[in-house]
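Residues per chain are reported as follows:
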Amino acid sequence: MHISRIDLNLFVVLDTIYAEGNITRAAKALSLTQPAVSHALARLRELLGDPLFIRQGSNMLPTPMTRSLIGPVRQALQTLEISVKHGNQFDPASSRRSFNLGLPGVLEARLLPPLMQLLQTQAPMVEINSVRVERRQLESELAAGTLDIAVDVLLQRPGEIRSTPLSRDALVVVARQDHPALQNGLDLETYLAQSHILVSSRRTGPGVEDVELARIGRQRHVGLRCQHYYAACQVVSASDLLTTMPEHYAHIANINLPNRIYPLPLPTPPLDVYLYWHENAEMDPANRWLRGVLGQVFPEQGRLAAGE
């Protein structure tokens, strides 16, 4: 028998009759009429194929099936009652909630270490699942609840998706320490004279830096297109190629590599990172808590949200 065929209120009646041992007292406890309680019991008897209670005088004695059911039924009803009463509360210290967090790979190394450090003290049993999400599926996944929160660059979004800025980054250039062409620093002409690595998850198309170069009528030579910045930095350390990447991740990816980081000699707009969630989760205590924790991970979030 599928649970969808059963009116769960019938189990409330079962529990009350068991506790009161009498149809009349059960009806009074439930604020129902005696015929309504008798009718509910008849429906449950039919569904379960058992008399459930045997009348003995004015008392209702439970059958073996009822005695075997009453423990699990009471536990399930108690769990449901607690869930309803505390559905608008969230205690991170005791929660075992699992959150799905949509993150581009470049942000994992920057966000996850400080996030998990915070959770160790604030919410030690909370689980974080960092998942990659196609940007065109971001709205549908947030709406469906398969994704709780996403962190990404500024994206076009419908009205149902809420957002707030988290951090601001700049583009920098990474080159090997002894690069022969960069002994006197890096200006635009030197930058354009080199061969470059373009990091992108797309098979074709320009990078942000290429778009800005096109605005001033210039173009660079891309000798390698790859998927990950860390791989690009490895190639940079063993060649004369340059790669352009977000500054925060550049310091993480090159910490053990013999590379240097230079300012990009080209005016470019900052790379703003945003936090996204669906309007259905706007007032959800757990979602609000996680958004607050991510604000702690990115301390500049408050200033950016205020438009500073």
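Parameters at a glance
Residues numbered from 1 in each chain as written. Predicted model: local features only at pLDDT ≥ 70, side-chain atom pairs only at ≥ 80, totals over all residues. Heavy atoms only, no water. Helix = DSSP H or I, 4+ residues; strand = E, 2+ residues; numbered from the N terminus. Rg over C-alpha atoms; globule rule 2.2 N^0.38 Å. Buried < 20%, exposed > 50% of the residue type's maximum accessible area, 1.4 Å probe, protein only. Contact = heavy atoms within 4.5 Å. Areas by Shrake-Rupley, 256 points an atom, 1.4 Å probe, with all protein chains shown as cover. Pairing = 2+ DSSP bridges. Axes fitted to C-alpha atoms, helices over the stretch in contact; angles between N-to-C directions. Phe/Tyr/Trp six-rings, centres within 6.5 Å; stacked < 30°, edge-to-face > 60°. Salt bridge = Lys/Arg side-chain N within 4 Å of Asp/Glu carboxyl O. Core = buried A, V, L, I, M, F, W, Y, C linked by side-chain atoms within 4.5 Å. Expected span 1.5 Å × (residues − 1).

**Student:** Looking at this structure, I do not really get the overall build of the protein. What am I missing?
**Tutor:** When helices and strands are tallied, the protein shows 12 helices and 12 strands. Taken over C-alpha atoms, the radius of gyration comes to 31 Å for the protein, far larger than the 19 Å a tight globule of 308 residues would show. With the principal axes as the frame, the protein shows a C-alpha extent of 105 × 35 × 35 Å. Every one of the 308 residues in the protein was classed for burial, and the buried ones make up 41%. A separation of at least 24 residues holds for 72% of the contacts in the protein among residues at least 6 apart in sequence. Summing over all exposed atoms, the protein offers an accessible surface of approximately 17,300 Å²; the carbon and sulfur share of this is 51%.

**Student:** Got a minute to help me understand the sheet that holds strand 12 (residues 271–278) in this structure?
**Tutor:** Picture the strands of a sheet paired through backbone hydrogen bonds; they go either parallel or antiparallel. Spatially, 4-3-5-12-6 is the arrangement adopted by the 5 strands of the open sheet, whose pairing is mixed. Looking along the sheet, the strands with just one partner apiece sit at the ends: strand 4 (127–131) and strand 6 (161–169). For this sheet the average axis-to-axis angle between neighbouring strands, irrespective of direction, equals 25°. Here strand 3 (residues 98–102) pairs with strand 4 via 5 bridges, running parallel. Along strand 4, the bridge assignment pairs Asn 100 with Asn 129.

**Student:** What exactly am I supposed to notice about the side chain of Thr 190 here?
**Tutor:** Looking at the secondary structure, you find Thr 190 in helix 7 (residues 188–193). Given the relative accessible area of 18%, Thr 190 is considered buried. With residues up to four places along the chain from it excluded, the contact list for Thr 190 reads Ala 181, Leu 182 and Gly 185.

**Student:** How should the packing of aromatic side chains be read in this particular structure?
**Tutor:** One pair of aromatic rings is described through two measures. These are the centre distance and the angle between the planes. Counting across every chain of the model gives 5 aromatic pairs. Between Phe 90 and Trp 289, the aromatic rings sit 5.2 Å apart at their centres with planes inclined by 50°, giving tilted as the arrangement. Of this pair, Phe 90 sits in the loop between helix 4 (64–85) and strand 3 while Trp 289 sits in helix 11 (residues 285–297); the two residues are 199 residues apart in sequence, bridging distant segments of the chain. Each ring, one from Phe 99 and one from Trp 289, has its centre 6.0 Å from the other, and the planes form 35°; the classification is tilted. Note that Phe 99 is positioned in strand 3 and Trp 289 in helix 11, a separation of 190 residues in sequence. Residue Phe 99 is classed as buried on the basis of its relative accessible area of 1%.

**Student:** For this particular structure, what's the right way to read the sheet that holds strand 7 (residues 171–176)?
**Tutor:** An order of 9-8-10-7-11 is seen for the 5 strands of this open sheet, with the pairing classed as mixed. Edge positions in the open sheet fall to strand 9 (221–226) and strand 11 (259–263), since each of these has one partner strand only. Within the sheet, the average angular offset between the axes of one strand and its neighbour, ignoring direction, is 35°. Inspection of the sheet shows strand 7 paired to strand 10 (residues 242–246) by 4 bridges, in the antiparallel sense. Looking at the pairing, Val 174 lines up with Thr 243 of strand 10. Here helix 9 (residues 229–237) sits on the sheet in contact with strand 7, strand 8 (195–199), strand 9, strand 10 and strand 11, set at roughly 145° to strand 10.

**Student:** In this structure, what is going on with the pattern of salt bridges? I would like to understand it.
**Tutor:** Proximity of charged atoms lets side chains of opposite charge pair with each other. Using the criterion set out here, one finds 14 salt bridges in the structure. One salt bridge in this structure joins Asp 152 and Arg 135, with 2.8 Å as the shortest N-O distance. Here Asp 152 is found in strand 5 (residues 149–153), whereas its partner Arg 135 is found in the loop between strand 4 and helix 6 (138–144), with 17 residues between them in sequence. Residues joined by salt bridges that share partners form a network here, namely Arg 162, Glu 279 and Glu 282.

**Student:** Which parts of the structure should I look at to understand the nonpolar core?
**Tutor:** The tendency in soluble globular proteins is for nonpolar side chains to be buried as a group. Leu 101, Leu 111, Leu 115 and Val 151 are the most contacted members of the largest nonpolar core, which has 24 residues in total. When residues in this core are grouped by element, the largest group, 6 residues, is from helix 11. When residues no more than four places from it in sequence are discounted, the contact partners of Leu 115 are Leu 101, Ile 128, Val 293, Leu 294 and Val 297. Counting 17 residues, the second-largest nonpolar core is a separate cluster that includes Ile 17, Ala 27, Ala 40 and Leu 52.

**Student:** I keep staring at the environment of Leu 257 and nothing clicks. Help me out?
**Tutor:** The residue Leu 257 is located in the loop between helix 10 (247–253) and strand 11 in this model. As for Leu 257 and Ala 238, which are separated by 19 residues in sequence, their C-alpha atoms are 9.9 Å apart. The contact partners of Leu 257, leaving out residues within four places of it in the chain, are Cys 233, Gln 234 and Ser 237.

**Student:** Explain helix 11 to me, please; I cannot follow it from the model alone.
**Tutor:** Since the α-helix packs 3.6 residues into each turn, any two residues three or four apart lie on the same face. Its 13 residues place the ends of helix 11 19 Å apart at the C-alpha level, agreeing with the 18 Å of an ideal helix rising 1.5 Å per residue. For helix 11, the full list of buried residues reads Ala 286, Asn 287, Trp 289, Leu 290, Arg 291, Val 293, Leu 294, Gly 295 and Val 297.

Structural measurements only, silent on function.
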